Amino acid sequence: MSFPDRKQDEVRRMLEGAHPPVPADLGRRAAERGARLLRRRVLVRRLLWVLVALAVAAFTVWAALEQPWTAPPSEVAPPLEDW
């Protein structure tokens, strides 16, 4: 068993005492902050989806133009025979 430290004693004294007064508009402010955080998360999520869609579109255009799945043309000419 370890001895209780100073911080635990201080927290217990704070909890045993009278509860501090709570501002009347605390619930409203908390709801506003929560709504603001939710809107921000939705906006960030939408922006990320737009970026993903743009990246997919850019990759599709690049792949259609470059056709990386085809073999590159040979840079060595075949030997000339009977010329």
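Given the structure is predicted, the values throughout are model-derived calculations rather than measurements.

Visitor: Quick question: what am I supposed to make of the overall build of the chain here?
Guide: Of regular secondary structure, the chain possesses two helices and zero strands. Against the globule reference of 12 Å for 83 residues, the chain gives a C-alpha radius of gyration of 34 Å, more extended than a compact globule. For the chain, the proportion of its 83 residues judged to be buried stands at 1%. Total accessible area computed for the chain in this model is approximately 8700 Å², and 65% of it derives from carbon and sulfur atoms. Across the chain, the centroid of the 13 positively charged side chains sits 22 Å from that of the 10 negatively charged ones.

Visitor: It is not clear to me how the environment of R36 should be interpreted in this structure. Could you clarify?
Guide: When you line up the elements, R36 lands in helix α2 (residues 26–66). A relative accessible area of 40% places R36 in the partly exposed class. For R36 and L65, which are 29 residues apart along the polypeptide, the C-alpha to C-alpha distance reads 43 Å.

Visitor: In this structure, what is going on with α2? I would like to understand it.
Guide: Helical geometry note: an α-helix holds 3.6 residues per turn, so side chains three or four residues apart project in the same direction. Over its 41 residues, α2 extends 59 Å from the first C-alpha to the last, a length consistent with the 60 Å expected when each residue adds 1.5 Å. A positive backbone phi angle near 45° is found at Q67, which sits one or two residues after α2.

Visitor: What exactly am I supposed to notice about the packing of aromatic side chains here?
Guide: Centre distance and the angle of the planes are the two values used to describe a pair of aromatic rings. Here the structure, examined in full by the defined rule, presents one aromatic pair. Ring geometry for F59 against W62: centres 5.7 Å apart, planes inclined by 40°, an arrangement best described as tilted. You can see F59 and its partner W62 sitting in helix α2, three residues apart, about one turn around the helix. Residue W62 is classed as partly exposed on the basis of its relative accessible area, which comes to 42%.

Visitor: What should I look at first to understand a nonpolar patch on the surface in this one?
Guide: On the surface, a cluster of nonpolar side chains totalling about 470 Å² of accessible area is made up of V44, L48, V50, L51 and L54. With respect to the secondary-structure elements, L48 resides in helix α2.

Visitor: I'm lost on the pattern of salt bridges in this one. Help?
Guide: Two side chains carrying opposite charge are able to pair once their charged atoms lie near each other. If you walk through the whole model with that rule in mind, you get four salt bridges. Note that D25 and R29 form a salt bridge whose closest N and O atoms lie 3.6 Å from each other. Overall, D25 belongs to the partly exposed group, its relative accessible area being 28%. The class of R29 is partly exposed, set by a relative accessible area of 41%. One connected set of salt bridges, linked through shared partners, spans D25, R28, R29 and E32.

Rules and cut-offs
- Residues numbered from 1 in each chain as written.
- Predicted model: local features only at pLDDT ≥ 70, side-chain atom pairs only at ≥ 80, totals over all residues.
- Heavy atoms only, no water.
- Helix = DSSP H or I, 4+ residues; strand = E, 2+ residues; numbered from the N terminus.
- Rg over C-alpha atoms; globule rule 2.2 N^0.38 Å.
- Buried < 20%, exposed > 50% of the residue type's maximum accessible area, 1.4 Å probe, protein only.
- Areas by Shrake-Rupley, 256 points an atom, 1.4 Å probe, with all protein chains shown as cover.
- Lys, Arg positive; Asp, Glu negative; His and termini not counted.
- Charge placed at Lys NZ, Arg CZ, Asp CG, Glu CD.
- Expected span 1.5 Å × (residues − 1).
- Phe/Tyr/Trp six-rings, centres within 6.5 Å; stacked < 30°, edge-to-face > 60°.
- Patch = residues over 30% accessible without salt bridge, like charges linked within 9 Å, V, L, I, M, F, W, Y side chains within 5 Å.
- Salt bridge = Lys/Arg side-chain N within 4 Å of Asp/Glu carboxyl O.

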